[in-house]
Each structure stands twice: as C-alpha cells, then as structure tokens.
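Fold and contact review
Single-letter residue listing:
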Amino acid sequence: MKFEFHDVKIGSLFGFTDDIKTNENTFSVNSGNITIIWNRNQSPVTMQIDDLSITLQPNQLVTTTYLQHISYQHTTLPLTAFLFNRAFYCIADHDSEVSCNGILFFGTQDLPIISIPKSQERKFSTLYEVFEDEFATPDKIQGDMLQMLLKRLIIICTRLAKEQHIVKKLNNEQIDVVRKFNVLVDTHFKTKRKVSDYADMLYKSPKTLSNLFSLYNQKSPQQIILERLALEAKRLIRFTDMQNQEIAYELGFNDPAHFSRFFKKMTNQSPTQYRELKAA
C-alpha cells in the first residue's frame, strides 16, 4: 500500500506507505524528505541509518531527516513510513516544537527512537486508519486535512519523545536552546566552526551553552560541531563520486591536507582509508 499527495506547483509532497523498503524511490519527490518510520510488526526490524545499524522493536518509531542516508538492504519485514518535505509542512518554516525544525527531528544528536506505550497503541492505530480514509477522499482540501493529521502525529510523538528522552530538570526554554543549536549547526556547520558563532546567534554566552549541554548529558557544543562536519565528510565520501580535494573545499577547508588531518583525528582513518574500507 502506498499513498501520495503531491502539489506540482509548489513541489510539496506527503507520502504514506506500509512498506517503505519497496516504495522508498517511487514517490514524486525523493530528496529533501523528512521521514517517520514505524515498526507495526510483532517482531524487531533492523535498518541502516548512516553507519549505524538500528533495530526498532514492535511499536517503536524513529524520525530521520534529509541529512541522513537510510538503507533497508537488510530489512526483512515491511515498515510503515510517513514522509514529507518542507514545501508540504513547513511552508512558513515556523520555528516551534512541532515544525519540521522541531525537537522530534533536529532536537538531539541521537536518533530519536520513540516507544508507543500500550495505553496509546489504539490512538496510533486509529490515526493510521484516518490517514487511509483521507487518501480515499481526494478533493480541494485534502492537502489541508493531511497537514492537520500530520501535525497531530508530530504532536503526539513529540510529547512521547519529551517524556522518554528529554532530561526532566530541563525546562522548555532550555530544551528550545538545545534544539535551536542543533538546527543552526545543521545549517551553518560548513562555515561556522566556533561555539561563539552559535552562542552569538542564540544570544547566549559560550559558557552558558556548554553548561546547558552538560546538564542535558550531551556532548560539548564544540564536539557536536566537529562531529557534524565529520559526518558530512563521511556521507560525501560514501555516497558521492566527489574526490577528497573536492570534499575538502565543499566543507570549507582551504587546504585538503588540513581536511585529511581533521578527518583522521575524528575517525582514526584517512579519507582514502575510509573510502577503501566502505568500498570493500
């Protein structure tokens, strides 16, 4: 089963499938999508997200963004997925917890794996059925209805994520700073490498940011910046035909040798060694 809403004029997409492995490349827009993946099976299911093997237990969800590379090569059971792009849900690109820049997608460096409690399984099943019904009712307001349903799904998942992943002693303002920092890093990591750059944009001091991330039990802000840069380098090496020198310039390094030293420090391998290992 696969459903799709696609507005050609603005390039918006909302997709819904009960087998993302089979249908992932069959949607009208196959890049720039944010995805919510849901294991509705009675058994665990494994997939690959970047270099990590991720196992979803029954009734667990994981959210991924267009910044991540997902492989279902070793996935043996069908996975339900909702996928959408900014043109569908983030037209105004509003900045709130339930936008496409919300904590569910950009609020933490860890992959947010959400467990659906027994008490809420019926709620999710009902929402699944409502999505099916809406796709069976094509009319002029179908896009608006699907946006409303997607927002409801994101709100429910965000509440669960906060209950299951966010440290209780953080207040909402502190959570928002953590989320905004991660969004800013994803936007500017190629050109801004200092914590002070992001602290200025957030109207905080670098020390305040460091203390907050320590309270949140996260890596330091500087480490997050460097790891984001290294992650992009690994993706470009693994999933593109770009050479090391091209990647160095793409990531803002003026000297390819400097890039190679940085990459080896972060991964314990040179770019060439990493490329050869992944090609093997």
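Here's what I pulled together on the structure shown here. Position numbers for residues count from 1 along each chain, tracking the sequence in the order it is written. Local features are withheld for residues below a pLDDT of 70 in this predicted model, meaning they are given only at 70 or higher, and side-chain atom pairs are given and counted only at 80 or more; totals for whole chains, interfaces and linings count all residues. Hydrogens and water molecules were not included; the side-chain quantities draw on all heavy atoms of the structure.

1. Focus: the pattern of salt bridges
Any Lys or Arg side-chain nitrogen found within 4 Å of a carboxyl oxygen on Asp or Glu counts as a salt bridge. Overall, the coordinates contain eight salt bridges when judged by the stated rule. With its nearest N and O atoms 2.4 Å apart, the salt bridge here joins Asp186 to Arg228. Pair noted here: Asp186 is in helix H6 (residues 172-188) and Arg228 is in helix H9 (residues 221-239), with a separation of 42 residues, a long-range link. Each member of the pair, Asp186 as well as Arg228, is classed as buried. Glu227 is the partner of Lys219 in a salt bridge, and the nearest nitrogen-oxygen pair spans 2.8 Å. Only protein chains enter the area calculation, which uses a 1.4 Å probe; residues under 20% of their type maximum are buried, those over 50% are exposed, and those in between are partly exposed. Residue Lys219 is classed as partly exposed on the basis of its relative accessible area, which comes to 44%. What emerges from the salt-bridge pattern is a single network uniting Asp50, Asp186, Arg228, Glu232 and Arg235. Secondary structure elements are taken from DSSP: a helix is a run of H or I of four residues or more, a strand is a run of E of two residues or more, and numbering for both begins at the N terminus.

2. Focus on H9
In a helix, the anticipated span is given by 1.5 Å times the number of residues less one. Its 19 residues give H9 an end-to-end C-alpha distance of 27 Å, which sits within 8% of 27 Å, the value for a rise of 1.5 Å per residue. For H9, the complete set of buried residues consists of Pro221, Ile224, Ile225, Arg228, Leu229, Ala230, Glu232, Ala233, Arg235, Leu236 and Ile237.

3. Description of the pairing of strand E5 (residues 52-56)
Sheet topology note: the strand E4 (residues 45-49)/E5 ladder contains five bridges and is antiparallel. Counted as the bridge partner of Thr46 is Thr55 from E5. In this analysis, strands are considered paired if DSSP registers two or more bridges between them. Taken together, E4 and the strand that follows it, E5, pair antiparallel across an intervening segment of two residues, in which Asp50 is found at a positive phi of about 55°.

4. Observations concerning the sheet that holds E4
Reading across from one edge, E5-E4-E7 is the order of the three strands in this open sheet, with antiparallel pairing throughout. The open sheet terminates on both sides in strands that have one partner only, identified here as E5 and strand E7 (70-71).

5. Points about the pairing of strand E2 (residues 12-17)
The element E2 is largely enclosed, with a buried count of six among its six residues. Residue alternation in E2 divides its side chains into two sets, Ser12, Phe14 and Phe16 and Leu13, Gly15 and Thr17, and both sets are buried. Where strand E1 (residues 2-7) and E2 come together, six bridges link them in antiparallel fashion. Considered in E2, the bridge of Lys2 is made with Thr17. Taking the residues between adjacent antiparallel strands as the criterion, E1 and E2 are bridged by four residues, where Gly11 takes a positive phi near 75°. One ladder, built from four bridges, connects E2 with strand E8 (residues 80-85); its direction is antiparallel. Paired with Phe14 across the strands is Phe84, a residue of E8.

6. A few points about the packing of H9 against helix H11 (residues 256-267)
Running from amino to carboxyl end, H9 crosses H11 at an angle of 105°, the nearest separation of the two axes being 10 Å. As the angle between them shows, H9 and H11 are arranged roughly perpendicular. Only Phe259, Phe262, Phe263, Met266 and Thr267 of H11 make contact with H9, whose side of the interface consists of Gln223, Leu226, Glu227, Leu229, Ala230, Ala233, Lys234 and Ile237. In this classification, the charged set is Asp, Glu, Lys and Arg, the nonpolar set is Ala, Val, Leu, Ile, Met, Phe, Trp, Tyr, Cys and Pro, and all remaining amino acids, among them Gly, are polar. A per-class count over the contact of H9 with H11 returns nine nonpolar, two polar and two charged. In this description, a line fitted to the C-alpha atoms serves as the axis of each element, helices being fitted only across the stretch in contact, and the angle between N-to-C directions of two axes falls anywhere from 0 to 180 degrees. These descriptions rest on fixed angle ranges, namely under 35 degrees for roughly parallel, over 145 for roughly antiparallel, 65 to 115 for roughly perpendicular, and the rest for oblique. Between two residues, a contact is recorded if the distance between any of their heavy atoms is within 4.5 Å.

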